[in-house]
Amino acid sequence: DDGFPGEEEKSAPTPAVVVCEPEEEDPVIPVAEDKDALFDMEEKEDLAGIEDDREDLFGGSEEPATTQPDLFDDDDDEEEESSLQGAIPVRTNSDHDRVPFNTPAVGCALDDTKTTALLNAAKESAQLKKSIGWVNGDKKSSPKESSSIEIPNYTKVGEGYSSYIIYTIQATIGDAPKTTVQRRYNDFFVLHQLIVENYLPRGVIVPPVPEKNFMGTAKLRFGGGSSNESTQDPSLFIKRRKAALERYLNRLMAHNLISKDETLRRFLQEEDAPRPNPNATGIKGFMKSMETMVTKATARINEVDEWYEDKQQHILEMEETLKKILAVSDNIVADRRDLAAKSAAFSSSCLHLGEGEDNASLRRAITKLSELEQNLSNVHTEMADGDLFIFGETVKDYISIIQATKAAFDERVKAFSLWESAQSTLAKKRDAKSKATLQGKTDRVAQCEEDIRFWEGKVEKCQEDFEVISKNLKEEIRVFEEVWVRDIKESTKAYFQKLIDAENQIISSWKAFLPEAKTIN
């Protein structure tokens, strides 16, 4: 389902009607002593109907019944209550220790009537099932199409400042035939903006597009020399970007929700690239980014569920660790490339030295040493590429993904800020109505009542958006951690295997040279 779960039509489950079979004799109708007792009896009958209908409400789920919270148990289970309160923040003041900003469906105190509580609880649980399935898919959802995205080559167009690179994309999605399109880097950037606008406000962690590199692009266009690795070999910068763009597209297609996006499908299968949203650029885009920055700096949530704070802290620590690992990896790459260059220079010197040697056995040994050093130079270059593309780029990608994860957490804070602002406005409208009522201003009272109805709907919508993004974010983090472990495991295994193969080549080369060295007279 590609729709936004927060916008789905909400409907409370209808209590089942309990039909009693008539007996031969007229049934005895119990008479309550007072109205309260009669109300209690009717309430119990309604609750019994709801409990009978519970199986129909959650029917069809393949999850074991033990995973569902007991919504109809009056016992105070602290662990269950904590899990249900996860997404609902509270505020503190001088009058009450923990007061909910707005009474949610599950997790905090509700209306006094137990029937309302049960109806809301059932509705919230059904909404939770839909939101989780919407993010990551459930067993009932249609299987995700298999896909294969490759960028086999690239082409440089033009020279100088006006030059740019075109990447050839070959995509195979499901049973559709393979398509080939050509895209510039700016097309990838526009695609990323459109996907972020559609999915980040829903709590989805959008895989990041490879970042812009103005220095690398400038050196590619105009050339020049420095100690930077991308300027020593301009094609290396393009190879790294090509590999990063390919990983980016495959990560999008691996996401259960984003893979179905029509904008992404057009990008991969149609000749014309999607166009940017005009509201995301210019003064409107600047104002939106400023609003996000201000909200991020000022808004804060007093969390009930410590999971969110723990995960944020864990992600920050992971980011710092990965940055340190990436710095070490970059140093290793630079050292290996330097070693490869020096081995090549030593090979060239040995070759010239052997040409002027009169001793035949020594000349042959020096020539073999030159070949050995050239082979070692090639091995060191391959090891540097392994450090860079197999391990270093994976670490770099996950640093960017962590940035996207932090953006999803910020979006949750933004949703909470909108909810809090709507509640504040609703309180002001109610105060205005009270003042108008005391002053006898009927026209003003009618206007206030209309405003109150509007802002009550606004508060309900903001609360629903916040709860949905909170639940979706939890599921996204779970998937992120699973994929993170798998990617790092595979990357580390491939990296170590490449190192072992390279070391075996070095050992074999020296073993082959040893007999030549022993023949020197």
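Residues numbered from 1 in each chain as written. Predicted model: local features only at pLDDT ≥ 70, side-chain atom pairs only at ≥ 80, totals over all residues. Heavy atoms only, no water.

Draft legend 1. Up close: the pattern of salt bridges. Enumeration over the complete set of coordinates arrives at 22 salt bridges. A salt bridge links Glu 481 to Lys 311; the shortest N-O distance between them is 2.5 Å. Taken together, the residues Glu 481 in helix α12 (residues 442-518) and Lys 311 in helix α10 (residues 306-355) connect sequence positions 170 residues apart. Notably, a salt bridge pairs Lys 406 with Glu 319, separated by 3.1 Å at the nearest N-O pair. Of this pair, Lys 406 sits in helix α11 (residues 360-439) while Glu 319 sits in helix α10, and the two are 87 residues apart along the sequence. On the basis of relative accessibility, which here comes to 3%, the residue Glu 319 falls in the buried class. Salt bridges sharing partners connect three or more residues here, namely Arg 240, Arg 247, Arg 251, Glu 393, Asp 397, Arg 486 and Asp 487. (Salt bridge = Lys/Arg side-chain N within 4 Å of Asp/Glu carboxyl O. Helix = DSSP H or I, 4+ residues; strand = E, 2+ residues; numbered from the N terminus. Buried < 20%, exposed > 50% of the residue type's maximum accessible area, 1.4 Å probe, protein only.)

Draft legend 2. Geometry of the environment of Ile 205. The topology assignment puts Ile 205 in the loop between α4 (185-199) and α5 (214-222). Looking at Ile 205, the relative accessible area reads 8%, which means it is buried. Spatially, the C-alpha atoms of Ile 205 and Phe 480 are 8.4 Å apart, while their sequence positions differ by 275 residues. When sequence neighbours within four positions are dropped, the list of residues in contact with Ile 205 reads His 255, Ile 401, Ala 404, Thr 405, Ala 408, Glu 476 and Ile 477. (Contact = heavy atoms within 4.5 Å.)

Draft legend 3. Seen up close, the environment of Ser 343. Along the chain, the position of Ser 343 falls in helix α10. With a relative accessible area of 7%, Ser 343 lands in the buried category. For the pair Ser 343 and Asn 378, spaced 35 residues apart in the sequence, the C-alpha separation amounts to 8.9 Å. Residue contacts for Ser 343: discarding those within four places in its chain leaves Glu 373, Ser 377 and His 380.

Draft legend 4. How the structure looks around the sheet that holds strand β4 (residues 164-173). As summarised here, the arrangement of the three strands in space is β3-β4-β5, forming an open sheet in which the pairing is antiparallel. Two strands in the sheet have a free side with no partner beyond their single neighbour: β3 (147-157) and β5 (179-184). Adjacent strand axes in the sheet meet at a mean angle of 25° when their direction is disregarded. Examined bridge by bridge, β3 and β4 share nine bridges and lie antiparallel to one another. Its bridge partner being in β4, Lys 156 is matched across the sheet by Ile 165. Docked against the sheet, α4 engages β3, β4 and β5, running at close to 95° with respect to β5. Sitting on the sheet, helix α8 (residues 262-269) touches β3, β4 and β5, and the angle it makes with β5 is about 100°. (Pairing = 2+ DSSP bridges. Axes fitted to C-alpha atoms, helices over the stretch in contact; angles between N-to-C directions.)

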